[in-house]
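Below are the chains, spelled out letter by letter.
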Protein chains: 2
Amino acid sequence: MLARREPVTLRSLVAGTGASTMAVYTHFGGMPGLWSAVRQEGFGRLAARLSAVERTDDPVRDLMALGAAYAKNALDFPDLYRAMFDAAADLEDADAADSTFAQLVECAVRAREQGRFDRDVQPLDVATRQWLFGHGVVSLVLTGVLPAASLDAHVPPMAEALFVSAGDSLETARASVRDGWATFSSAR
Amino acid sequence: MLARREPVTLRSLVAGTGASTMAVYTHFGGMPGLWSAVRQEGFGRLAARLSAVERTDDPVRDLMALGAAYAKNALDFPDLYRAMFDAAADLEDADAADSTFAQLVECAVRAREQGRFDRDVQPLDVATRQWLFGHGVVSLVLTGVLPAASLDAHVPPMAEALFVSAGDSLETARASVRDGWATFSSAR
DNA sequence: GAGTATACATAGCATCGTTATGGAATGAGC
DNA sequence: GCTCATTCCATAACGATGCTATGTATACTC
């Protein structure tokens, strides 16, 4: 686990393909363009995972299920996740990221409309904070600073605290977090 | 702000010094050793900043003040922060990181002893979760994904939610967070 | 003062991303 | 069907990278 990564070099990429280094330049314009394409692929897979999350009549559960899908996607494609967030992304990459983040905001809006959150809380803030600590724990796990078990140990309690602070009751928040996070633990 | 970083190369380092590239090998053993020394320096500065935080009789305020010092240190030395957490750290680097993290745990222990947190909460968990979302927002700000104002916008509410979930009352948590975070905003 | 060890400058090596150049394949126009 | 233009990419080379080998000072020991 977390094997030592050998560097991704242009020549090592084209080594087994029979192609030469020039193919990368005709199709991607160079290594930065290739990395940008990798990030696009990463955000594309993430968007597909989030879109595949079932939407129920419990928006807080859906919010947690989206977080679970986010974490699971990061563990399934760790190198892709690092490529997406290690370097400063380009503007076009940011667009792809925004379209995935919008799915989180949408659930937060729905939660406020159903009265689960206070009227004066901004759904954008709730979504940002959930993404914020989700990224924190995921990136620390992927760099090997924290063990993988930290996800199960810290994400549900943090999410519950966040949703309660947004106005949800402790009981409903706990139940929704449990149901939503179950989609992570069950799928490994 | 967030200027395009020119890569840190061995030859560019020794260019202005009049020394040759071999000096790096006698003193650091190569570029990985040099980066390890940079991380040691970074953790040393962080530990000094945290140690300089005034400890009061309000441990929750101190917890938030440590978080403020952590964020301020990251903004003051952004390249150092990236060097510390971008790459997977060595084991000796992890030791230096643990010694700074211990200061957070100590405050959490004190908060539980004073009855601010429930008896069944683990101080290590509270400290970990605070560091966890702190690292999330700081790293996203440093990579340019989120604006710098996100720190003021999200860290205090997240910390308040965390402390309340640990057992602190909403009023005392809010006051302690405000007092502790003031050490960040006032010092820029 | 002789002998030894440390420190580092010079030069060179393999490899990196990138560019220049030329040739083969493809398609359009008549 | 022939010609021309364009696209695509293999070959080769360039500058720069981290690193190693070698030799030569300097400093320290006895």
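That block above? That's the structure.
Residues numbered from 1 in each chain as written. Chains lettered and ligands numbered in written order. Predicted model: local features only at pLDDT ≥ 70, side-chain atom pairs only at ≥ 80, totals over all residues. Heavy atoms only, no water.

## Quick look at the protein's contact with DNA strand D
Right, on to step 1. Inspection of the region around DNA strand D gives 15 residues, with S20 and T26 of chain A together with L10, R11 and M31 of chain B positioned closest.
Right, on to step 2. The sugar-phosphate share of atoms of DNA strand D within 4 Å of the protein amounts to 52%.
Right, on to step 3. The side chain of H27 of chain A places a nitrogen or oxygen atom 3.0 Å from a phosphate oxygen of DNA strand D.
Right, on to step 4. The backbone of M31 of chain B places a nitrogen or oxygen atom 2.8 Å from a phosphate oxygen of DNA strand D.
Right, on to step 5. Looking at the surface near DNA strand D, the elements that each hand over two or more residues are α2 (22–28) of chain A together with α1 (10–15), α2 (22–28) and α3 (31–51) of chain B. (Near = heavy atom within 4 Å. Polar contact = N/O pair within 3.5 Å; in protein donor to acceptor, adjacent residues only side chain to side chain. Helix = DSSP H or I, 4+ residues; strand = E, 2+ residues; numbered from the N terminus.)

## Concerning the protein's contact with DNA strand C
Right, on to step 1. Inspection of the region around DNA strand C gives 15 residues, with L10, R11, Y25 and M31 of chain A together with S20 of chain B positioned closest.
Right, on to step 2. Of everything in DNA strand C that lies within 4 Å of the protein, sugar and phosphate atoms constitute 49%.
Right, on to step 3. Here a phosphate oxygen of DNA strand C sits 2.9 Å away from a polar atom, N or O, in the main chain of M31 of chain A.
Right, on to step 4. One of the backbone N or O atoms of S20 of chain B is found 2.3 Å from a phosphate oxygen in DNA strand C.
Right, on to step 5. With three residues, the single largest contributor to the surface near DNA strand C is α2 of chain B.
Right, on to step 6. For the surface near DNA strand C, the per-class residue count stands at eight nonpolar, five polar and two charged. (Nonpolar A, V, L, I, M, F, W, Y, C, P; charged D, E, K, R; others polar.)

## Considering the interface of chain B and chain A
Right, on to step 1. Counting from both sides, the interface comprises 24 residues of chain B and, opposite them, 24 residues of chain A.
Right, on to step 2. Between chain B and chain A we count zero salt bridges in total.
Right, on to step 3. Viewed at the interface, chain A and chain B are joined by six residue pairs in polar contact (both at pLDDT 80 or more).
Right, on to step 4. Put simply, the parts of the chain that give the side of chain B that touches chain A at least two residues each are α7 (123–142) and α8 (150–165) of chain B.
Right, on to step 5. At eleven residues, α7 of chain B tops the list of elements feeding residues into the side of chain B that touches chain A.
Right, on to step 6. Taken together, the residues of the side of chain B that touches chain A sort by class into 14 nonpolar, seven polar and three charged. (Contact = heavy atoms within 4.5 Å. Salt bridge = Lys/Arg side-chain N within 4 Å of Asp/Glu carboxyl O.)

## Examining the relation of the copies chain B and chain A
Right, on to step 1. Rotating chain B by 180° and moving it 0.0 Å along the rotation axis overlays it on chain A with an RMSD of 0.0 Å. The two molecules are tied by a two-fold rotation axis, judged by turn and shift.
Right, on to step 2. Counting the interface residues of chain B, we find that 100% of their copies in chain A are interface residues as well, pointing to one common contact surface. (Least-squares fit on C-alpha atoms with pLDDT ≥ 70 in both.)

These results come straight from atomic positions and should not be treated as a statement about function.
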